[in-house]
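Analysis of the macromolecular model
Letter by letter, the chains look like this.
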Amino acid sequence: MKNEKLIDLLQRQIEVEKKTLNMLSKAEEEVSETAVRLAFLDLRLDSWKHQKFLEGMIEMINETPCDEWSAKVQRYVDRVKLKKTLDALIIEEKEMLSIAEESIEEMKDPIGKFLLVHLRDDEKTHTENLDELSRLIMTSPLQSVKAVKGTDIDCS
Ligand SMILES: [Fe+2]
Ligand SMILES: [Fe+2]
């Protein structure tokens, strides 16, 4: 089977993420200091995100290389929706970033400042990654295994 090793690796990684997620959920419930709870929350959500991403990647790899027209049309519609949503989101993300910068200036508490800087850095990667992600998805073939260009629908 193709991609057997990769799928196996992804699955192993999912198991580690799941274990971490469990551990962090418990840790988060057990602490009372807000700053510590937020540190656990941040890690827990990352772990959850990683798990979902890895599961999605397995799904992507297992998708049939040549499927029906309707599936391709749906993929095209999804992409257009993605593009529209991301274009709107980029404006919001820029606002989040500039408000976060201001809040950092105002925050006197050192842990609070650290957490806000962390959040601001997140916002930065959101803005930077959105453009790249949108470009990459819009230019990749609707049928990723056989096709080369975005317009290709090769069922030979
Ligand atoms: Fe992870
Ligand atoms: Fe954001």
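Just so we're clear, the structure is a prediction, and the values are computed from it rather than from any experiment. (Residues numbered from 1 in each chain as written. Chains lettered and ligands numbered in written order. Predicted model: local features only at pLDDT ≥ 70, side-chain atom pairs only at ≥ 80, totals over all residues.)

**Considerations on the overall build of the chain**
The helix and strand inventory of the chain stands at four helices and zero strands. Seen in sequence order, the chain has helices and strands lined up from the N terminus as α-α-α-α. By the burial criterion, 3% of the 156 residues in the chain qualify as buried. Long-range contacts, defined as pairs at least 24 residues apart, comprise 57% of the intrachain contacts of the chain with a sequence gap of at least 6. (Helix = DSSP H or I, 4+ residues; strand = E, 2+ residues; numbered from the N terminus. Buried ≥ 20, exposed ≤ 12 C-beta atoms within 10 Å, placed from the backbone. Contact = placed C-beta atoms within 7 Å.)

**Section: helix α4 (residues 110-139)**
With 30 residues, α4 extends 44 Å between its outermost C-alpha atoms, agreeing within 8% with the 44 Å of an ideal straight helix rising 1.5 Å per residue. The largest bend in α4 comes to about 30°, at Asn 129. (Expected span 1.5 Å × (residues − 1). Bend = angle between axes of the 7 residues up to and from the residue.)

**Regarding the packing of helix α1 (residues 4-30) against helix α2 (residues 34-62)**
Across the interface, α1 lies against α2 with an axial gap of 9 Å and an inter-helix angle of 155°. When the axis of α1 is compared with that of α2, the two are roughly antiparallel. α2 is crossed by α1, and the crossing has left-handed handedness. Taken together, the residues of the contact of α1 with α2 break down into 15 nonpolar, six polar and six charged. (Axes fitted to C-alpha atoms, helices over the stretch in contact; angles between N-to-C directions. Parallel < 35°, antiparallel > 145°, perpendicular 65-115°, else oblique. Left-handed = near helix turned anticlockwise from the far one by under 90°. Nonpolar A, V, L, I, M, F, W, Y, C, P; charged D, E, K, R; others polar.)

**Some points on the packing of helix α3 (residues 69-106) against α4**
Two quantities define a packed helix pair, namely the angle between the helix axes and the distance between the axes. As a packed pair, α3 and α4 sit with axes 9 Å apart at the nearest point and diverge in direction by 160°. Between α3 and α4, the angle is such that the two are roughly antiparallel. Of the two elements, α3 crosses α4, and the hand of that crossing is left-handed. Tallied by class, residues from the contact of α3 with α4 come to 14 nonpolar, four polar and nine charged.

**Comments concerning the environment of Thr 139**
Mapped onto the secondary structure, Thr 139 falls in helix α4. Distance from Thr 139 to Arg 79, taken between C-alpha atoms, is 9.9 Å for residues 60 residues apart in sequence.

**So, the environment of Ala 71**
Relative to the helices and strands, Ala 71 is located in helix α3. For the pair Ala 71 and Leu 142, spaced 71 residues apart in the sequence, the C-alpha separation amounts to 9.3 Å.

**Here we look at the confidence of the model for the chain**
As a note on interpretation, predicted positions should not be read in detail where pLDDT is low. Taken as a whole, the chain shows an average pLDDT of 87; of its residues, 87% reach a score of 70 or greater. By mean pLDDT, α4 is the weakest element of the chain at 88, and α1 is the strongest at 97. (pLDDT = per-residue confidence, 0-100.)

**Here's the deal with the environment of Val 117**
As for its placement among the helices and strands, Val 117 is situated in helix α4. In this structure the C-alpha to C-alpha distance between Val 117 and Ile 104, which are 13 residues apart in sequence, comes to 6.7 Å.

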